[in-house]
Amino acid sequence: MKFSVNWLREFVDLPKEPEEIADLLTRAGVETKGIETRGAKIDQVFVSQITTSSRHPNADRLTVCEVDDGSGTKRQIVCGATNYKVGDKVPLALPGAKLPNGTEIRKSKLRGVESEGMLCSAIELGLGQDAAGLLLLPPEAKIGAPIGDLFPADTILDVEITPNRGDLLSHFGLAREIAALSNQRIAEQALRLPFGKMAGGAPALRKKGVTISALRECPFFSARKIDNVKVGPTPQWLRAKIESVGIRSINNIVDISNFVMLELGQPTHAFDAGKLKGDIDVRLARDGEKFLALDGKTYSLKPDNLVVADQERAVGIAGVMGGEETGVTESTKNILLESAYFLPASVRRTARNLNLPSDASYRFERGVDPQIVLRASHRATELIREIASGTPTKEIGTAGKVPGNPADVSLSYEKCDRVVGIAIKPKTIDEILTRFGLRKMSATKTAKWKIPSYRRDLQRDVDLIEEVLRAYGVNKIQGNDRSRSTPSSGADRSHDLESALHERLSARGLWEVRTSKLISRSAIAFGDNAVNLRNPLTEDHVALRPSLLTGLITVLNRNVRASIERVAIFEVGRVFVPPEAREERHLGILLWGNAISAPHWRITDVHPFDFFDLKGAIESLAIAAISFRRGDHADLALPTEIYANERAIGFAGQLREGRVDAPGAVFVAEVDVDLALGGAELQKSFREIEKFPTVTRDIAMIVPEEISHATILSAIQEPKEPLLESVELFDLFTEQIGAARKSLAYRLTYRDRSRTLTSEEVSAVHAKIRERLQRDLGAELRE
Amino acid sequence: MHPLEQLRDDALREIESARDEQALETARVKYLGRSGSVSAWGEQMKTLASEEKPIVGKLLNEVRSSVTAAIDLRAQQFRSQKESDALTKIDISLPGTQHEIGALHPLTQMLERSIQIFRRMGFALADGPDVEDEWHCFDALNTPPEHPARNEQDTFYLPDGRLLRTHTSTVQIRAMQAGPPPIRVIAPGAAYRRDEVDATHSAQFHQIEGLYVDKNVSVADLKGTLEFFMRELFGADTAVQFRPHYFPFTEPSLEIYVKSKALKKGEEWVEVCGCGVVHPAVFEAVNKARGDKAYDPEKWSGYAFGLGMDRLAMILFDIPDIRLFAQNDLRFLKQFA
């Protein structure tokens, strides 16, 4: 909320510099987010009077005015506004003036007519929001007086009020807080509301003219009739005040209502009494009841919306917005002034359900001081009497009861010390709480405190401790080291597994990415039926990712557009498996482009990524008993299922053409990390290093194309030869050996762990294996 | 001088002056070859008188070994020279052999750094789901329906009524439901906000939640922990300021601001963390769900905090736009390798 420093000063002494005020508040948890200087002295702008006005000879929309600037000579000014008449007093910026928006005024010719300055609007002078026309000054303004005389400089603070502090949503409320924090008393006159004498003395409260059918939602309601008001423009002083904090001026009645809200925090509302049919009833809306609000829109109400109604229809959504039909207009003669206390939760629900937040609902839902309801009514009434020459009735119609004061709160000094962590003298605690308007009711170790009506947020001892801490100063408390050992958890182990994956893959030259778990409607869907959000905000985030591939492909496309030639990426993160959005932790890998990112003089083998780069990356994760099998996947050419211990853990393959923008083959894999590695034994153990040498023998063979490496391997390895330690494929080619054939070369390593092998022993075993290959696979062995 | 000594001196001189390996080989053959002059002396030995034999024999051995040593030395010199000659041709300004490397995303780096700091202070990890229910996200955290801080407008809902957690504070509740106090955990994870996306707001962001519940946990303990964290992260001379704030689930509530010369932001206070003393209503909600009084607010107290990882990474790495994190442009990622 925006606060005028001048306005605050009416209630409390403030530090000279706005920064000091901001600092005082911020340190106490009332964060000041902005400081803005307004209406500062603007040189060369004076009060002037328009003496003549005529059409511009060359432009329909411009007029040529003659103005009196008090110097004795008239000035000719070209002007675009239409809201004035001859005789009005307006601000005149003379050549040389520099306006707050940066405009520098110079003598100039506009469409051929000389203009010796500029007539200004409120917004041009930084004095309000109104940009529609010239700022009309009061008739009593002295011609030739600097504009600064009429608009003293002010500073506007933009203060963030936390939702628990509804009592700070007014100048009086914030001033009261500043007084408490700076240990001073709020100005006496501010406490004697309404400020000034009530004409004819205090009005009588009468249970008439108003009923409440929904007492839970509206504990108290007051209505005062004020007759013969003159609706019209608002005097400059009041208008300047509300405009300085961002409220637009409408007419004097509405402006007064807003003024009282900004001053005291109590929203009030004025009805055109002539348009009300009979007495007021505060009731719940009928289902589907239509209501035309002041914003010009029709709302369809529900039975949990509270309305202010006359005998025929709803005339206001309680605490939110008044009705268009009963609003105050130029022709209004008599008004009915509402000031009430509404249940915060009810107002909040209604404002939210109707998507109709207002300045009033903002305050009601954060809690308005019940004790200020009638004072605000008096204050508004006095202003309407003075400004709009209304005649208030001697009585206020009321219904319900003003809610009682909040319950007392007990606070033990010992607990305060315990929560804060240092010892604070009971005397200091008492002093602080007293400053905040609390009253000590008992003098024991656990003192009972009476809470002021405007601090409904103070409900338990910790709330009082926070007040003590705020005023005492958090920064005076010395930090303390409370480190202690904690056994590691399942989440620790899970995290460490993920870190190990990160390290493995990044060491292999893959880049970790983190993509959004919310995916767009246009994203390539992997796994249909992604769980949709019920209330997406943008097309970019409409569903929960069922797979990591959507994100990885988005990253690929972005990088391809940026002319990156090697995209090797991976992500470890949660996916949401339809239909119930079950959360699983997956690893996704995507490879595209050159396996080597930049040409290099040492590297001659520059190949594009292929399936085996992908497979190698997955194999590097040391998944137990991993196998790859041909599978079935709509989005993949070369669909491959990955198994660990005979359980499917994921898939790998090449994306079908046309699925992405990138030219060339894109290889992707996705694995359920916890299925693949969840039970993995992290414990490693030593095995004796082999003492005896190995003997290696190679076998080169030509076999029909359809015989797989796996088939050859099992022909070599089964039945098991105890001396055969390992088998490596080290060559594979298909060129120059005839169609549908391939040549492979394997290195077989033999060893006995307990002795040195003889050449004869190895030859015997090796011959058996060679024979098996020839017999079982029809392999053509090469010498 | 014995003729053998003369022979040795000649041989050594010749070896010394050999210009190349071929000249050296010629010298070797000349002196040590089968018909070389040193070998010839071996033959001559047979003709010597028996009393002369041991003296000349000893001398002959000495001569042979010193000539052999000289030849070996000279040969070694030639080999070294050859090696050096070959290597001096190598252009050591050529670029070194590259090996493709990858790296972790800056947010992951930020998370890891933070987790390491908290682990040093004895925090274990905890975890909870991204898809939550309203009770864990709001009610249990002292934010009942119609509470002004319960921002359903800013919350993503699933069709079944569940929601995407708006903060990782849900894990506080899950951790306390799972076991009795004392509890000392951090929970890194994603949170979501239904908010306009711009340079500082994204629909999904990352937090580290912290919770410590024990006997007599105070604001001073909270300060000690987070001051330590901030100084570890931003440098020892980091200024840390705690300002009162409001969160429904902590009381007192605080916000942390830091100022550090190490940061590009310079001498400006930047907000980095929300924290506070766990509100007794949170303990009461947990007790109700547990069906016991394990978290009796009169016996136990605790502090909780939430650190915005995206924000911290932006501050620490001077990253101007939060959207860069989710874009994963490799030119961006490579800056943090």
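Here the structure is a predicted model, which is why all the values come from computation and not from measurement.

The rules behind each value
Residues numbered from 1 in each chain as written. Chains lettered and ligands numbered in written order. Predicted model: local features only at pLDDT ≥ 70, side-chain atom pairs only at ≥ 80, totals over all residues. Heavy atoms only, no water. Helix = DSSP H or I, 4+ residues; strand = E, 2+ residues; numbered from the N terminus. Rg over C-alpha atoms; globule rule 2.2 N^0.38 Å. Buried < 20%, exposed > 50% of the residue type's maximum accessible area, 1.4 Å probe, protein only. Areas by Shrake-Rupley, 256 points an atom, 1.4 Å probe, with all protein chains shown as cover. Core = buried A, V, L, I, M, F, W, Y, C linked by side-chain atoms within 4.5 Å. Contact = heavy atoms within 4.5 Å. Phe/Tyr/Trp six-rings, centres within 6.5 Å; stacked < 30°, edge-to-face > 60°. Buried area = accessible area lost by both parts, 1.4 Å probe. Salt bridge = Lys/Arg side-chain N within 4 Å of Asp/Glu carboxyl O. Polar contact = N/O pair within 3.5 Å; in protein donor to acceptor, adjacent residues only side chain to side chain. Nonpolar A, V, L, I, M, F, W, Y, C, P; charged D, E, K, R; others polar. Expected span 1.5 Å × (residues − 1). Arc of directions from axis to C-beta. Axes fitted to C-alpha atoms, helices over the stretch in contact; angles between N-to-C directions. Parallel < 35°, antiparallel > 145°, perpendicular 65-115°, else oblique. Pairing = 2+ DSSP bridges. pLDDT = per-residue confidence, 0-100. Patch = residues over 30% accessible without salt bridge, like charges linked within 9 Å, V, L, I, M, F, W, Y side chains within 5 Å.

J.: What am I meant to see in the overall build of chain B here?
T.: Scanning chain B from terminus to terminus reveals twelve helices and nine strands. Its C-alpha radius of gyration of 41 Å places chain B more than 25% over the 20 Å reference for a compact globule of 337 residues. The C-alpha extent of chain B, read off along each of the three principal axes, is 125 × 45 × 45 Å. The proportion of buried residues among the 337 residues of chain B is 55%. Of the roughly 15,000 Å² that chain B leaves accessible, carbon and sulfur atoms contribute 52%.

J.: Would you explain the nonpolar core in this entry?
T.: The nonpolar side chains of a soluble globular protein tend to be buried with one another. A:F221, A:F342, A:L590, B:F118, B:M230, B:F305 and B:L307 are the most contacted members of the largest nonpolar core, which totals 177 residues. In terms of residue count, the dominant contributor to this core is helix α8 (residues 219-234) of chain B (eight residues). Ignoring anything within four residues of it in the chain, the contact list for B:L307 reads B:F118, B:H206, B:Q207, B:I208, B:F229, B:M230, B:V272, B:C273 and B:L312. The next biggest cluster of nonpolar side chains, apart from the first, holds 29 residues, and it includes A:L591, A:F628, A:A652 and A:L677.

J.: Could you clarify how one ought to interpret the packing of aromatic side chains in this entry?
T.: The description of an aromatic ring pair rests on the distance of the ring centres and on the angle between the ring planes. All names here are of chain A. By the definition in use, this model includes 17 aromatic pairs over all chains. Considering the side-chain rings of W7 and F259, the 5.0 Å spacing of their centres and the 15 degrees angle between planes classify their relative orientation as stacked. In this pair, W7 sits in helix α1 (residues 5-9) while F259 sits in helix α7 (residues 252-264), placing the two residues 252 residues apart along the sequence. The pair W7 / F259 is uniform in exposure class, with both members buried.

J.: Looking at this structure, I do not really get the interface of chain B and chain A. What am I missing?
T.: Where interface size is quoted, it is often the accessible area lost as the parts come together. Counting residues at the interface gives 98 residues for chain B and 89 residues for chain A. Of the roughly 7,900 Å² buried at the junction of chain B and chain A (both faces included), carbon and sulfur atoms supply 53%. Looking at the side of chain B facing chain A, the largest losses of area belong to B:E100, B:E146 and B:L330, adding up to 10% of the total buried there. Applying the counting criterion to the chain B and chain A interface returns 15 salt bridges. For A:R348, the salt bridge goes to B:E152, with nearest N and O atoms at 3.9 Å. Counting the contacts that link chain B with chain A gives 52 residue pairs in polar contact (both at pLDDT 80 or more). The element best represented in the side of chain B that touches chain A is α8(B), accounting for seven residues. Classifying every residue of the side of chain B that touches chain A gives 45 nonpolar, 26 polar and 27 charged.

J.: Whenever I open this one, the pattern of salt bridges confuses me. Can you help?
T.: When charged atoms on two side chains of opposite charge get close, those side chains can pair. Enumeration according to the criterion identifies 81 salt bridges over all chains in this entry. Linking A:R687 and A:E690 is a salt bridge whose minimum nitrogen-to-oxygen distance equals 3.3 Å. In this structure, a network of salt bridges that share partners links the residues A:D304, A:R348, A:R349, A:R352, A:E365, A:R366, B:E134, B:D139, B:E146, B:R150 and B:E152.

J.: Explanation requested: the environment of B:G224 in the structure shown.
T.: Locating B:G224 in the fold gives a position in helix α8. If near-sequence neighbours (up to four positions away) are discounted, B:G224 is found in contact with A:G479 and A:N480.

J.: Just to check I follow, could you spell out helix α1 (residues 3-17) of chain B for this structure?
T.: Think of an α-helix as 3.6 residues a turn; residues three or four steps apart then line up on the same face. Residues and elements named next belong to chain B. The terminal C-alpha atoms of α1 lie 21 Å apart, and with 15 residues this matches the ideal 21 Å at 1.5 Å per residue to within 8%. For α1, the full list of buried residues reads L4, L7, A11 and I15. When α1 is viewed along its axis, its buried side chains cluster within an angular range of 65 degrees and face the same direction. Of the exposed residues in α1, the ones pointing more than 90 degrees away from its buried face are R13 and E16. Where α1 is buried, its residues meet α2 (21-32), α3 (37-45) and α4 (53-88).

J.: Which parts of the structure should I look at to understand the packing of helix α12 (residues 426-435) of chain A against helix α13 (residues 461-472) of chain A?
T.: When two helices pack together, their arrangement is given by the angle between their axes and by how far apart the axes lie. Residues and elements named next belong to chain A. Two numbers describe how α12 lies on α13: the axes approach to 9 Å, and their chain directions differ by 95 degrees. Between α12 and α13, the angle is such that the two are roughly perpendicular. Residues T428, I429, I432 and L433 of α12 form the contact with α13, whose participating residues are L464, E467, V468, A471 and Y472. A per-class count over the contact of α12 with α13 returns seven nonpolar, one polar and one charged.

J.: Help me out: how do you make sense of the sheet that holds strand β26 (residues 446-450) of chain A in this one?
T.: All names here are of chain A. Strands sit in the order β24-β26-β25 across an open sheet of three strands; the sheet is antiparallel. The sheet is open, and its two edges are formed by β24 (409-412) and β25 (439-440), each paired on a single side. Summarising the sheet, β24 and β26 pair through four bridges and their orientation is antiparallel. Note that in β26 the partner of L411 across the bridge is A447.

J.: Would you mind showing me how to read the sheet that holds strand β8 (residues 270-278) of chain B here?
T.: Within a sheet, neighbouring strands are paired by backbone hydrogen bonds and run either parallel or antiparallel to one another. Residue and element names in this part refer to chain B. Reading across from one edge, β1-β4-β5-β9-β8-β7-β6 is the order of the seven strands in this open sheet, with mixed pairing throughout. Each edge of the open sheet carries a strand with a single partner, namely β1 (124-125) and β6 (239-247). Note that β8 and strand β9 (residues 301-308) share five bridges and pair antiparallel. Note on β9: the bridge partner recorded for G276 is A304.

J.: Whenever I open this one, the confidence of the model for chain A confuses me. Can you help?
T.: Segments scoring low in pLDDT should not have their predicted coordinates read at a detailed level. For chain A, mean pLDDT is 90; residues scoring 70 or higher make up 97% of the total. Element-level mean pLDDT values for chain A span from 62 in helix α5 (residues 188-191) of chain A up to 98 in strand β27 (residues 511-512) of chain A.

J.: So what exactly am I meant to see when it comes to unusual backbone geometry here?
T.: Glycine aside, residues mostly have negative phi, and peptide bonds are mostly found in the trans state. Cis peptide bonds are those with omega within 30 degrees of zero, and the linkage from A:E718 to A:P719 qualifies with -5 degrees. Mapped onto the elements, A:P719 comes out in the loop between α18 (709-717) and β37 (724-733). In this structure, the amide linkage connecting B:E251 to the following residue, B:P252, adopts the cis form with an omega of -5 degrees. Positionally, B:P252 belongs in strand β7 (residues 250-259).

J.: Just to check I follow, could you spell out a nonpolar patch on the surface for this structure?
T.: Judged by side-chain polarity, B:L87, B:I90 and B:I92 come together as a nonpolar surface patch covering roughly 360 Å² of accessible area. Looking at where B:I90 falls in the secondary structure, it is placed in the loop between α4 and α5 (106-120).

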